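Next come the chains, spelled out residue by residue.
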Amino acid sequence: MKTSIATASLAGTFEEKLAAIAKAGFNGIEIFEQDIIGFEGSPREAGKLVRDYGLDITLFQSFHNFEGLPGAQRAHAFDRAMRKFDLMGELQTDLLLVGSSVSGDALGDMDRIAADFHELAQRAQQRSIRIAYMGLAWARHVTDHIRAWEIVRKADNPAIGLGLNSFHALAGKSAPFSIGSIPGNRIFVVQLADAPSIDMDLRYLSRHFGAMPGQGDLDLVQFMRQVASTGYSGPLSLYVSNDKFTSGNPKTIAVDGYRSLLNLADQVKRVEPALAISVPELPDRAKAYNFEFVEFTSNDKNEARIIGTMLHAMGFRFVGHHISKAVGLWRQGDINIVINTESEGYAYSAYIMHGTSVCDIGIRVDDALATLHRARAMGARSFHQPVGANELNIPAIRGVGGSLLHFIDAKSDLARVWEIEFTPQTTDNPPEDAGLLRIDHIAQTMNYEEMLSWTLFYTSIFQCTKSSMVDVADPAGLVHSRAISAAHGDVRITLNGSETHRTFAGQFLADNFGAPVQHVALATDDIFYSASRMAGNGFESLEIPANYYDDLRARFDLDAALIERMKSANILYDRDDGGEYFQFYSQPFFSGFFFEILQRKGSYKGFGARNARIRIAAQKKNQKLTSLPRN
Ligand code: MG
């Protein structure tokens, strides 16, 4: 599998980019004239530097507005092309990408354009150079690969072939199905880029909001299946332009890019086994069934007691001590919550970094070891720490904000971790069970720039779907939110990206130095039962203003008595085509962490995003109250 990335997709100096690209695992780069202009040495030295990093130059960019020009302009276009050929000779690279002309002076006659390329290809051939011609969606005449292929065919020279680009084929809506009829050996390069489905000018979308395959909404697998059917075996090259990337860390962008290519090629290979591109053998993306546990770290006795008191009020029972560590287990329904108060090891270092917070999430998968292998192949960092006698070595990787993800399966002893590693305990005054059954979702907070990275992280490891981004209006600024939902079970993760530290999510992020889990949502099958049991145990829910319920009456055709019941228990409501959603919240504690209790009715798919604004306003009010002097 030949992989490549355009240097223009990364920030940094030329050499910083090369180092990041080589380290991430790519074979080649698309080099730009700007790379040479900004480079201190000669073009020949630039080419050597690329090869010193073990990279090939897949192609040279960029050359535009060549074809269909009249008179003197045509002669000038050929002169420009010859200068590019000279430069390519210095760089020692042989493929020039030519984008279809956007010039207002370009003539649209197909025979004339083909004749220009026939002549260019003849001159290229004399210098062992090849031309890849690409139809750009915003070009003057040749706006897609169908027309570009017509030109290539008519130009009739082995030195000219087609350049394909997924963005132009998919966002330009030019029927990617037509790719299958092109011979694979006439396709000289395949560029890949994804994009969100935003209704905007395609050129602007491509330049500012491009995304790695899997980060956006385009059907890249469909595009690649078409490419596969041609027998194409050349490089897959990322050409992605995004303001966040060109201001971001080149190492992160390169790692994400490589992960996105490998994940895409792997998915295509599974549905097109005859794919001519050789793809490394990998375990398939894991089936994630449910959250097995959530672990809090807290070395502060008082704070650990606060979590314990909160869990008690929510109906959790303390059921066990770890056989060798200062770790306690709380349980209700299928929910396991672990509190770790160790003064060494990973949990302690997480406490030093973030204070009392969620430091570890356990996910039950079909095969824990295969999941670890898949994650590592996708560039995730595995995690190990010494295990004591009779303890299990549970496969783990680093996740968002340096937190941990552990994988549990039913194939091995891993599913028996609670019996093996914990000594059962009973307590004298157990709380009333509140009917909480399972963890429904976990909400992670991050800087907006990181959302695309973590989207790719989860979607390349687990079989899951991602929702489009929605904007949650915090009174202090926008928070972008997206849900990752496992295809086979109850694992849902919402990613919330804050653009500013003034939002409630952004404040949480700043106060916790990147602590990722801001809330854990627990599901019940009877929200009113759970609310009343929890109230009986001393739980205080987040108070929702009365106006919310007046508005609810106006928005939904709901029974007045039902609204009164919701109001008395601070329960919020939402509905979609499939069903209903009821939710209430704990008061925020520590630096803004909170629990959510919810009930899904029917096949409601969302997370109550419509209510987020009310929730955030209530939390902010509550924070102000708790920060008042207490004398
Ligand atoms: Mg939620």
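Residues numbered from 1 in each chain as written. Predicted model: local features only at pLDDT ≥ 70, side-chain atom pairs only at ≥ 80, totals over all residues. Heavy atoms only, no water.

Draft legend 1. Highlighting a nonpolar patch on the surface. Judged by side-chain polarity, Ile198, Tyr204 and Phe209 come together as a nonpolar surface patch covering roughly 270 Å² of accessible area. Mapping Phe209 onto the fold places it in helix 8 (residues 202-209). In this structure Phe209 comes out as partly exposed when scored by relative accessible area, which is 32%. (Patch = residues over 30% accessible without salt bridge, like charges linked within 9 Å, V, L, I, M, F, W, Y side chains within 5 Å. Areas by Shrake-Rupley, 256 points an atom, 1.4 Å probe, with all protein chains shown as cover. Salt bridge = Lys/Arg side-chain N within 4 Å of Asp/Glu carboxyl O. Helix = DSSP H or I, 4+ residues; strand = E, 2+ residues; numbered from the N terminus. Buried < 20%, exposed > 50% of the residue type's maximum accessible area, 1.4 Å probe, protein only.)

Draft legend 2. How the structure looks around the nonpolar core. Counting 95 residues, the largest nonpolar core has Met314, Phe462, Val520, Leu522, Met566 and Phe595 as the members making the most contacts within it. Here this core gets six residues from one element, more than from any other, and that element is helix 16 (residues 448-461). Each of domain 2 (288-424) and domain 3 (436-622) accounts for three or more of the residues forming this core. Those residues within four positions of Met566 in sequence are excluded, and the remaining contacts are Phe528, Tyr549, Leu552, Leu558, Ile571, Tyr573 and Phe582. (Core = buried A, V, L, I, M, F, W, Y, C linked by side-chain atoms within 4.5 Å. Domains from an automatic or database assignment. Contact = heavy atoms within 4.5 Å.)

Draft legend 3. Focus on the coordination of the magnesium ion. At 2.1 to 2.3 Å from the magnesium ion lie its protein donor atoms, namely His441 (NE2), His519 (NE2) and Glu596 (OE). Mapped onto the sequence, the residues coordinating the magnesium ion show the spacing H-x77-H-x76-E. One end of the pair, His441, is in strand 17 (residues 436-447); the other, His519, is in strand 22 (residues 517-524), and 78 residues separate them in sequence. Residue His441 is classed as buried on the basis of its relative accessible area, which comes to 2%. (Donors = N, O, S within 2.8 Å, 3.2 Å for Na, K, Ca; no water.)

Draft legend 4. Representation of the environment of Phe318 in the model. Mapped onto the secondary structure, Phe318 falls in strand 10 (residues 317-322). Residue classification places Phe318 among the buried residues on the basis of a relative accessible area of 16%. In sequence terms Phe318 and Met82 are 236 residues apart; their C-alpha atoms lie 77 Å from each other. Every residue in contact with Phe318, bar those within four places of it in the chain, is listed here: Gly328, Leu329, Trp330, Gln425 and Thr427.

Draft legend 5. Molecular detail of the pattern of salt bridges. Under the counting rule described, the total for this entry stands at 30 salt bridges. With a closest N to O distance of 3.0 Å, Glu119 and Arg74 form a salt bridge. In this pair, Glu119 is assigned in helix 5 (residues 110-126) and Arg74 in helix 4 (residues 71-91), connecting sequence segments 45 residues apart. Glu119 sits in the partly exposed class, given a relative accessible area of 26%. Judged by its relative accessible area of 23%, Arg74 is partly exposed. Glu419 is the salt-bridge partner of Arg416, the closest N and O atoms lying 3.5 Å from each other. Note on Glu419: relative accessible area 58%, which makes it exposed.

Draft legend 6. Broad picture of a negative patch on the surface. A contiguous patch of negative charge, built from Glu449, Glu450, Asp471 and Glu499, is present on the exposed surface. By the secondary structure assignment, Glu450 is in helix 16. Note on Glu450: relative accessible area 33%, which makes it partly exposed. (Lys, Arg positive; Asp, Glu negative; His and termini not counted. Charge placed at Lys NZ, Arg CZ, Asp CG, Glu CD.)

Draft legend 7. Representation of the packing of aromatic side chains in the model. Per the stated rule, a full pass over the model turns up 28 aromatic pairs. With centroids separated by 5.5 Å and ring planes inclined at 85 degrees, the aromatic side chains of Phe589 and Phe593 adopt a geometry described as edge-to-face. Residue class for Phe589 comes out buried when judged on its relative accessible area of 8%. The class for Phe593 is buried, based on a relative accessible area of 5%. An aromatic cluster is built from Phe63, Phe66, Phe78, Phe117 and Tyr133, whose rings are joined through pairwise contacts. Above the ring of Phe188, the side-chain terminus of Arg130 is found at 4.8 Å from the ring centroid. (Phe/Tyr/Trp six-rings, centres within 6.5 Å; stacked < 30°, edge-to-face > 60°. Lys NZ or Arg CZ within 6 Å of the ring centre and 35° of its normal.)

Draft legend 8. Just the pairing of strand 23 (residues 572-575), in detail. Looking at chain direction, strand 23 and strand 24 (residues 579-585) are connected through four bridges and run antiparallel. Bridge pairing in strand 24 places Arg575 opposite Glu580. (Pairing = 2+ DSSP bridges.)

Draft legend 9. Representation of helix 5. With 17 residues, helix 5 extends 25 Å from end C-alpha to end C-alpha; this agrees with the ideal 24 Å at 1.5 Å per step. Buried within helix 5 are the following residues: Met110, Ile113, Ala114, Asp116, Phe117, Leu120, Ala121 and Ala124. Buried residues of helix 5, viewed axially, fall in a sector of 155 degrees; they line one side. If you follow the buried residues of helix 5, they end up packed against helix 4, strand 4 (95-99), strand 5 (130-134), helix 6 (145-155) and strand 6 (160-165). For helix 5, the capping residue at the N-terminal end is Asp109, with a side-chain oxygen 3.2 Å from the backbone nitrogen of Asp111. One or two positions beyond helix 5, positive phi appears at Ser128, with a value near 55 degrees. (Expected span 1.5 Å × (residues − 1). Arc of directions from axis to C-beta. Polar contact = N/O pair within 3.5 Å; in protein donor to acceptor, adjacent residues only side chain to side chain.)

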